[in-house]
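What the coordinates show
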Amino acid sequence: MMSTIAVRPPVVTDYLNAEHGILSWLLTTDHKRIGLLYLFSITAFFFLGGVFALLMRLQLLVPGGLIVDPDTYNKLFTMHGITMVWFFLIPSIPNTLGNFFIPMMIGAKDLAFPKLNLLSWYVFMLGGFTTLYAIVRGGVDTGWTFYAPFSTAYSKTYVVAAAVGIFIAGFSSIMTGLNFIATIHRMRAPGLTWFRLPIFIWSMYATSLILVLATPVLAITLATLGIERIFHVGIFDPAMGGDPLLFQHLFWFYSHPAVYIMVLPAMGVVSEIIPTFSRKPLFGYKAVAFSSMAIAIVGFLVWGHHMFVAGMSLYSAMVFSFLSYLVALPSAIKVFNWTATMYKGSVKMTAPMLYAIGFIGVFTIGGMTGLFLAAMGIDVHVTDTYFVVAHFHYIMVGGAVMAFLGGIHYWWPKISGKMYPEYLAQLSALTVFLGFNLTFFPQFILGYLGMPRRYATYPPEFQVWNVLSTAGATILGVGYIVPLIYLLWSWKYGQDAPSNPWRTTGLEWKTPSPPPKHNFENTPVVTWNAYDFEAQKEELHLG
Amino acid sequence: MVSASSLALRQQFNNPAQQRETVTLGMWIFLATEVMLFGALFTAYSVYRIYYTPAFTHASGEMEYWMGAVNTAVLICSSFTMALGVHSAEAGKKRLTVLFLLLTMLIGCIFLGIKFWEHYRHYLDHKVPGINFQEAGALGPREQMFFFLYFAMTGLHAFHMLVGLGVLSVMVLRVVFGSISREYHTPIEIAGLYWHFVDVIWVVLFAIFYIPGAHLR
Amino acid sequence: MIFFAAALIPQVRAEFQWFFWAMVILCGTVATGIAAFLIFCAWRFRRKDDNELPPQNAMNIPAEITWILLPLLFFFIAMFAYGTKLYFDIERPPADAEDVYVVAKQWMWKAQHIGGEREINSLHVPAGRPVRLRMISQDAIHSFFVPEFRIKQDVLPQRYTTIWFSAEHAGTYHLFCAEYCGTNHSHMTGWIYVMEPDAYQRWLQTGGAEGSLASTGEKLFHQHGCSNCHQFNGHGRAPNLIGLYGQKVQIAGGYALADEDYIRESILNPNAKIVYGFQAIMPTYQGQISEEDIIALIAYIKSLDTGAPLQLTTLAAPVIETNSAVPTKSHPAERTTR
């Protein structure tokens, strides 16, 4: 048995140096390498979407708009949304950390369908380039929501190309979800029963269910939208007897669960980081595991809360409101259990832990403002305003992106075989936290005051909050660029990482850093529960 | 001894049973995805059928329901031969497997032939929305919605049939060239699952597009 | 700044303020508590020895049950119930509300009063009286949003939606379009002028309206040749429209409620719902009549519940029937040529 704190032996073949050359990456079926391919791709998309966001914030510095005309601004927020949602957030944690660590955490050699996994990356890139084509040709101005009949009959931009890009990328989501479900069901190591799985695996499982069941609905909806735009026949334009609310129903049937595609994996990452740095099992393991599943299932039944003022019946709105409160419950359970895990633990404040704690705080605010939006009488006022913008950025940026960064730092020693610079990382984690709150908290106030979203210009009384928000965005931008630089730096110059630098329990830490091509020399046999420090205390030299 | 099954075992799996279970599960998940894909269109159909009941009934009356019925029978026959193909693959009878697979493909082609002929007749009748649809009668504008959904859904179904034919061709080649055997016939099984699924979809399409107005003819 | 502003307190607004700030205080307290507890744990239980292993307690059923049931029973159900109550208040106008018709288009708001006054990007209403807006869009989806009144309603094409408000105090309030609708979405704004009743009366008198909305509708009724078939003596080839509004009409295959949407559909797509006992002979007016004129016609038809129309039949109707007898086919492609 390998000593867990041993430094990596000098000459070993790992997944990074097992093969060489560009083709060994482009044709790889190794889940770890595909995870890295995804990591590079989505990082590029993230910074592209970030540039759009910064331009938007610059525009809103002054009431009349600082840099662009309304048409360009409309394209900016549309392309920001499309890039960030479909080409960064949806694939962010699942396709990078999920790809890399699901097999390692369940003691498998690879995912169930490695070729399908590679294909999913190519499909993703094809979708990405199609969308980039739409952007380069002049952009799209429908908003990422593509509401009919504006998108089908009025927009003069490259709607079809963008929709085709998202349509294609959707199949990559489906392939990934299918792969993960099959893997988690059938590829677990002997002894690794469902209730011994790390919570990250549970949340990836729940995420995958959403990916395979929701994505096809988006695919067919966008395909119909494209047909309607090209051939002028279809089912959404009211001029042809269609019902534009049907589009909204179908769109949100995907896009509300899609929010859980973004945040469930984030919750999974946080559920790994907190026990590790509290050196305690996750409090209420089963409650947290089941709450992931509850979110995945109930999350399919709440889409109507996006449409309380869209013109639907009062009574169906009532049902959606009630279900929206139900879906808030599992999230609350998770928050309480995370904090209870830290209580009486042995807490070490590392960069991943800072991100995780930041996540809890920010996610709590994001979730609680969701309670405001689920209360229909309040939603009428704040929906389609900056209140909503702030709310979902608290979940997606404060939640998903901070957990993503936390996860990248947490597993960086395993991925790269190198340690990241700890103090710099903590500093940038704080920068991200402060910049984030300064960017988005003023937007809650703007929304309450009544500033509608997607406005290229605005009345002067809103300016002060917009200036604060823009100031925050620049800080946030710095907070994102710094980790990019030092992580790349550490890849080459960082200290070699031991196989288990955090002295924690997961199977992924029982292989060398970086791991060999097939993860485990011998399939591990699991006799302990997740986060069972007690059972491994000899091995980890604890106590 | 190196058996065919261990040759076909991919490196990520520990044993053939695990591989077989995993691959079959993967196919079922894929079928769940397909249900949701068609599900969105079924939802749209239901909504507009409720909005425009008279128009939908009337438009359905313009369908040649006997052609739909024949096609349903044809496709159910293909499911039968497909099942026989899977059965013979399990029994390790290669020639029989190839025969049944080819028969299934032939019947599938007959289905598509009838379907495209039917589409062509709609074209001649000026019933293709977006190309030559002519509104006739009081309910014309709303009938267009019916025909749009009809072409979208039967078109999507026909696309799935074409994919199925492609899959079955590959299966025939794999049986002929020996990578399928009594020990390892999972690909035939999951191809069969797919084929049956596409059949089931058609049965529902037949029910919603041909039957509502059948009494009007 | 409208924090706790007391300038204007309609019922909805007051309820909203109370509810919103109660939730801010409640959620703020809980969130602050969680944050404080996190910081407390991070400091109090910080790792002192690199090898230490804290007690491994991992489950406490009573605690789990508490934090599952507490938010659900005490907070969530109350929030849901009150939110729903407020929503029903916002969505259901009082019976005595005065109608104003609003047509939204890219990128302006057009309002028509019953009295015939028309406005663009502004709306004058009397203080202290409930006003009900019936709204329709000419193109994409828009949304009528007056932050100060705490109301918002999407405005859909081809279908009327309704919102109401009652402004207690005179003043000028922002009107925004809240549903993204294209290039000048952010310029699709206007002002709501709430006036004291006497000032409002003065405004009406200087408004320059050429007769009421219903009388405009009456003219259109004759111009478009409607009166040739829809005669008020019951002998026309088309149904008598007196007292139609608000009735249940027997149509092929059931009944339809003769509301605004029904009348509008019957003008633009007459064959959709044929009144029992009549032939499908009416041509479509799709593309020949603006949303504003349809609203005037609706207002006219709504006014036909008294004896007044009898005199109208004697009017010589300018017949433009030749024009409308040839139905121009509406082609969906027209929509995109703009």
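How each quantity is defined
- Residues numbered from 1 in each chain as written.
- Chains lettered and ligands numbered in written order.
- Predicted model: local features only at pLDDT ≥ 70, side-chain atom pairs only at ≥ 80, totals over all residues.
- Helix = DSSP H or I, 4+ residues; strand = E, 2+ residues; numbered from the N terminus.
- Buried ≥ 20, exposed ≤ 12 C-beta atoms within 10 Å, placed from the backbone.
- Contact = placed C-beta atoms within 7 Å.
- Core = buried A, V, L, I, M, F, W, Y, C linked by C-beta atoms within 7 Å.
- Nonpolar A, V, L, I, M, F, W, Y, C, P; charged D, E, K, R; others polar.
- Axes fitted to C-alpha atoms, helices over the stretch in contact; angles between N-to-C directions.
- Parallel < 35°, antiparallel > 145°, perpendicular 65-115°, else oblique.
- Pairing = 2+ DSSP bridges.
- pLDDT = per-residue confidence, 0-100.
- Expected span 1.5 Å × (residues − 1).

1. Some details on the overall build of chain C
Scanning chain C from N- to C-terminus turns up nine helices and twelve strands. Among the 338 residues that make up chain C, the fraction classed as buried is 34%. A separation of at least 24 residues holds for 69% of the contacts in chain C among residues at least 6 apart in sequence.

2. Some thoughts on the nonpolar core
Core analysis: the largest hydrophobic core is formed by 327 residues, its most contacted members being A266(A) and L149(B). With 22 residues, helix α8 (residues 244-278) of chain A is the largest single contributor of residues to this core. Setting aside its immediate chain neighbours within four residues, A266(A) contacts I93(A), F359(A), G399(A), A400(A), A403(A) and F404(A).

3. What to know about the interface of chain C and chain B
Taken residue by residue, the interface counts six residues in chain C and four residues in chain B. Taken together, the residues that form the side of chain C that touches chain B break down as three nonpolar, three polar and no charged.

4. With respect to the packing of helix α13 (residues 386-416) of chain A against helix α14 (residues 422-449) of chain A
Packed helices, taken two at a time, are described by the angle their axes make and the gap between the axes. Residues and elements named next belong to chain A. The interhelical angle for the contact between α13 and α14, taken along N-to-C directions, is 170°, at an axis separation of 7 Å. The angle between α13 and α14 falls in the class roughly antiparallel. Contacts between α13 and α14 involve Y386, F387, V388, V389, A390, H393, Y394, V397, G398, M402, L405 and H409 on the former and, on the latter, A425, V432, F436, F440, Q443, F444, L446, G447 and Y448. In terms of residue class, the contact of α13 with α14 is built from 16 nonpolar, five polar and no charged.

5. Here we look at the interface of chain A and chain C
Taken together, the 80 residues of chain A in the interface contact 72 residues of chain C. When residues of the side of chain A that touches chain C are traced back to their parent elements, those giving at least two are α3 (70-105), α5 (150-154), α9 (285-298), α10 (314-342), α11 (351-374) and α12 (376-382) of chain A. Of all the elements, α10(A) adds the most residues to the side of chain A that touches chain C, at 15 residues. The residue inventory of the side of chain A that touches chain C, partitioned by class, reads 51 nonpolar, 19 polar and ten charged.

6. Let's talk about the sheet that holds strand β3 (residues 118-120) of chain C
Residue and element names in this part refer to chain C. The strand order across the open sheet built from five strands is β3-β2-β1-β5-β8, with neighbouring strands paired in mixed fashion. The open sheet is flanked by β3 and β8 (161-166), the only strands paired with a single partner. Adjacent strand axes in the sheet meet at a mean angle of 25° when their direction is disregarded. Here strand β2 (residues 108-113) runs beside β3; their pairing, made up of three bridges, is antiparallel. When the bridges of β3 are listed, Q112 appears paired with R118.

7. Section: the sheet that holds strand β9 (residues 171-177) of chain C
Residue and element names in this part refer to chain C. Strand order across the open sheet formed by five strands is β4-β10-β9-β6-β7, with mixed pairing between neighbours. Strands with a single pairing partner mark the edges of an open sheet, and in this sheet they are β4 (122-126) and β7 (151-155). Looking at each pair of strands side by side, their axes are set apart by 20° on average, direction ignored. Sheet analysis places strand β6 (residues 142-146) next to β9, joined by two bridges and oriented antiparallel. Bridge pairing in β9 links F144 to C177.

8. Considerations on unusual backbone geometry
Note the cis peptide between S513(A) and P514(A), where omega equals -15°. Relative to the assigned elements, P514(A) resides in the segment after α15 (463-493). Note the cis peptide between Q106(C) and W107(C), where omega equals -5°. Here W107(C) lies in the loop between β1 (98-105) and β2. Backbone geometry at N519(A) places phi at a positive 70°, although glycine is not the residue there. Residue N519(A) is classed as buried on the basis of its C-beta count, with 24 C-beta atoms lying within 10 Å. Phi at H126(B) is positive, roughly 60°, even though this residue is not glycine. Topologically, H126(B) is positioned in the loop between α5 (94-124) and α6 (140-176).

9. Section: the environment of L73(C)
Here L73(C) lies in helix α2 (residues 61-91). Between the alpha carbons of L73(C) and F16(C) there is a distance of 22 Å; along the sequence they are 57 residues apart.

10. Focus: the confidence of the model for chain C
All names here are of chain C. Looking at chain C, the pLDDT average stands at 83 and 87% of residues meet or exceed 70. Looking at the elements of chain C, mean pLDDT is at its lowest for helix α9 (residues 321-325), recorded as 35, and at its highest for β6, recorded as 96. Note that residues 1-10 has pLDDT below 50 and, in this model, 17 contacts with residues that lie over four places away or in other chains.

11. Looking at the environment of V525(A)
Residue and element names in this part refer to chain A. Within the secondary structure layout, V525 lies in the segment after α15. Under the C-beta neighbour-count criterion, V525 is labelled exposed, with 10 such atoms within 10 Å. Not counting the four nearest positions on each side in its chain, V525 is found in contact with A189, P190 and G191.

12. Quick notes on the pairing of strand β11 (residues 248-251) of chain C
Relative to strand β12 (residues 254-257) of chain C, β11(C) runs antiparallel, the two sharing four bridges. Within β12(C), the position partnered with I251(C) by the bridge is G254(C).

13. Observations concerning helix α1 (residues 11-44) of chain C
Between its terminal C-alpha atoms α1(C) stretches 49 Å, which fits the 50 Å expected from 34 residues at 1.5 Å a residue. Of the surrounding secondary structure, the elements contacted by the buried residues of α1(C) are α10, α11 and α12 of chain A together with α2 and β7 of chain C.

14. Concerning the packing of α11(A) against α1(C)
With their axes 10 Å apart at the nearest point, α11(A) and α1(C) run at an angle of 170° to one another. Classified by the angle between their axes, α11(A) and α1(C) sit roughly antiparallel to one another. For the pair α11(A) and α1(C), the contacting residues are I357(A), I360(A), G361(A), T364(A), I365(A), M368(A), L371(A) and F372(A) in the first and M23(C), C27(C), A31(C), I34(C), A35(C), L38(C) and A42(C) in the second. Residues of the contact of α11(A) with α1(C), tallied by class, amount to 13 nonpolar, two polar and no charged.

15. Notes on the pairing of β6(C)
Residue and element names in this part refer to chain C. In terms of burial, β6 is a largely internal element, five of the five residues being buried. As paired strands, β6 and β7 are joined by five bridges and run antiparallel to one another. Note on β7: the bridge partner recorded for S143 is D154. Counting the residues in the hairpin turn of β6 and β7 gives four residues, including R150, whose phi is positive at 60°.

16. Describing α6(B)
With 37 residues, α6(B) should cover 54 Å at 1.5 Å per step; its first-to-last C-alpha distance of 53 Å lies within 8% of that length. Two residues or fewer after α6(B) comes G178(B), characterised by a positive phi angle close to 90°.

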